[in-house]
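# Structural characterization, general
Below are the chains, spelled out letter by letter.
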Amino acid sequence: MLRALPVLPGPELYDIFIDLKEGKKSINQKIDKAYHSLKETSALIKDLENDLIERTDKIKELKEKYEDYSKLAEIEEEKIQPLIKQLDKAVGKGRIYERIVSFLINIVAGIILFVLGIWAGPKIQTYFDNDRYVKNNDKVLSENPTENEDLIPNLVLSDSLRITSKLLVIDGSVEENLNYCSHGIKSYSEMDIYDCSFMIDSVEFNLRSKYLFDKNGDLESFWSYKSEGPLIYSKKDLDTDERFFEYIGGVKLSVSLNGNNIIDSKDTLLIEKILEKQKLIFVSPRISDDGKIIRIIYEYE
């Protein structure tokens, strides 16, 4: 009809009318979508609210249970506290008792080991020293059977025997114990009083010190042997230097015979052999820290 009117632009008005109709329809669709979205959002918010309420209720329930258990724990702690204190006392007493017993056991064990060490130490040392010396002496005897008849042990002692000197020597029965003196080595019967090395058959002995006794058995002089010769200290020299006199063991030095033993101060020394020809008494040797065989030889008349 609009197209039949000559004055009005029919097609244009129709297009405008169509556009307005479609625009209204599009707005209605958008409003519907917005409504559905709001409805879904409202439902989601309601679900979240219900979930939060449920969780809040559970938290309140847990809090109430926690408070109940806390009160119960306080009550039980008050009841059990005396028992805990009693147990602590009992355990503490037990620990103190165990410590005392352990301490006493350790002390007793230490004393026993100490006494055994004092008693058995010299015997063990003497055993090994003798074993080493016997092996080396057996070697010497086997190499020189006719020269060493005087080395056979002889433990027969006379009641009138008197100790005249005490010699501290290094036993040269092994190769390591060589002469350190500047003088030559002589046999014992030919050595001079200033010589510091001597031989008995095939065995070399190096003097380190010598104690000379008077007829009453008192220390008369002390000789300290160096490579260049001996340093001689008279009784007067020793009396004026008390510290040195004590250092060499001369303050309480006394030597006597008791059966097959020699009592040297407070030490009881086992006689190993007596050489009647040289008038020498050998006692069991010991090994020094540097591996040398240290021996004491007593001269007698």
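Cut-offs used in this document
Here the residue numbering is sequential within each chain, running from 1 through the sequence in written order. Only residues with pLDDT of 70 or above have their local features reported here, since the model is predicted, and side-chain atom pairs are shown and tallied only from 80 upward, although totals for entire chains, interfaces and linings are computed over all residues. To obtain the side-chain values, all non-hydrogen atoms of the structure were included, while hydrogens and water were left out. What pLDDT conveys is the predictor's confidence in a given residue, as a value from 0 to 100. Contact between two residues is taken to exist if any of their heavy atoms lie within 4.5 Å; hydrogens are not considered. Labels follow the DSSP assignment, with helices taken as runs of H or I lasting at least four residues and strands as runs of E lasting at least two, numbered in each case from the N terminus. Salt bridge, as applied in this entry: a Lys or Arg side-chain nitrogen positioned within 4 Å of an Asp or Glu carboxyl oxygen. Only protein chains enter the accessibility calculation, which uses a 1.4 Å probe; a residue whose area is less than 20% of its type maximum is buried, one above 50% is exposed, and one in between is partly exposed. Note on aromatic contacts: the rings of Phe and Tyr and the six-membered ring of Trp form a pair at centre separations within 6.5 Å, being stacked when their planes are under 30 degrees apart, edge-to-face when over 60 apart, and tilted otherwise. Each patch is assembled from residues with relative accessible area greater than 30% and no salt bridge, linking like charges that lie within 9 Å and nonpolar side chains (Val, Leu, Ile, Met, Phe, Trp, Tyr) that lie within 5 Å. To be clear on the numbers: accessible area is Shrake-Rupley with a 1.4 Å probe, and residue cover counts the displayed protein chains and nothing else. Counted as positive: Lys and Arg. Counted as negative: Asp and Glu, with His and the chain ends omitted from the count. Throughout, a charge is located at the NZ atom of Lys, the CZ atom of Arg, the CG atom of Asp or the CD atom of Glu. A pair of strands counts as paired when DSSP detects no fewer than two bridges linking them. In the analysis that follows, any N or O atom pair within 3.5 Å is treated as a polar contact, provided that within protein one partner can donate a hydrogen and the other can accept it, and provided that, for residues neighboring in sequence, both atoms belong to side chains.

Keep in mind that low pLDDT regions are not for reading the predicted coordinates in detail. Here the protein chain shows a mean pLDDT of 76. Residues at 70 or above account for 72%. In the predicted structure, residues 137–155 sits below a pLDDT of 50 and forms 30 contacts with residues beyond four places in sequence or in another chain.

Glancing now at the environment of Phe 222. Looking at where Phe 222 falls in the secondary structure, it is placed in strand S5 (residues 219–226). When residues no more than four places from it in sequence are discounted, the contact partners of Phe 222 are Ser 209, Lys 210, Tyr 211, Leu 231, Ile 232, Tyr 233, Leu 238, Phe 244 and Ile 248.

Overall, the coordinates contain 10 salt bridges when judged by the stated rule. The closest approach of N and O atoms between Asp 171 and Arg 295, which form a salt bridge, is 3.2 Å. Residue Asp 171 is located in strand S1 (residues 163–171), and its partner Arg 295 is located in strand S12 (residues 293–300); the two are separated by 124 residues in the primary sequence. As far as the burial class goes, Asp 171 and Arg 295 line up, both buried. As a salt-bridge pair, Glu 272 and Arg 295 come within 3.1 Å of each other at their nearest N and O atoms. Taken together, the positions of Glu 272 in strand S9 (residues 267–275) and Arg 295 in strand S12 put the pair 23 residues apart, joining distant regions of the chain.

This part covers the packing of aromatic side chains. Counted under the stated rule, the structure contains 10 aromatic pairs. Geometrically, the ring pair formed by Tyr 188 and Phe 198 is edge-to-face, given 5.4 Å between the ring centres and 65 degrees between the ring planes. Note that Tyr 188 is positioned in the loop between strand S2 (186–187) and strand S3 (197–200) and Phe 198 in strand S3, a separation of 10 residues in sequence. Of the two residues, Tyr 188 and Phe 198, neither departs from the other in class, the shared state being buried.

Attention now moves to a negative patch on the surface. A cluster of acidic residues, Asp 237, Asp 241, Glu 242 and Glu 246, forms a negative patch on the protein surface. Along the chain, the position of Asp 237 falls in helix H2 (residues 235–240).

Burial of S12 is extensive: 8 of the 8 residues sit out of reach of the surface. Here S12 shows no split at all, with Ile 293, Arg 295, Ile 297 and Glu 299 on one side and Ile 294, Ile 296, Tyr 298 and Tyr 300 on the other all buried. As paired elements, strand S10 (residues 280–283) and S12 share 3 bridges and run antiparallel to each other. If you follow Phe 282 over to S12, its bridge partner there is Ile 297. Sheet topology places strand S11 (residues 286–287) next to S12; 2 bridges connect them, and they run antiparallel. Following the sheet pairing, Arg 286 is matched in S12 by Ile 294.

The subject of this paragraph is the side chain of Ser 165. Among the structural elements, Ser 165 can be located in strand S1. Engagement of the side chain of Ser 165 in a polar contact is seen with the side chain of Glu 299, the distance being 2.2 Å. Not counting residues up to four positions away in its chain, the partners in contact with Ser 165 are Lys 210, Tyr 211, Leu 212, Phe 213, Ile 297, Tyr 298 and Glu 299.

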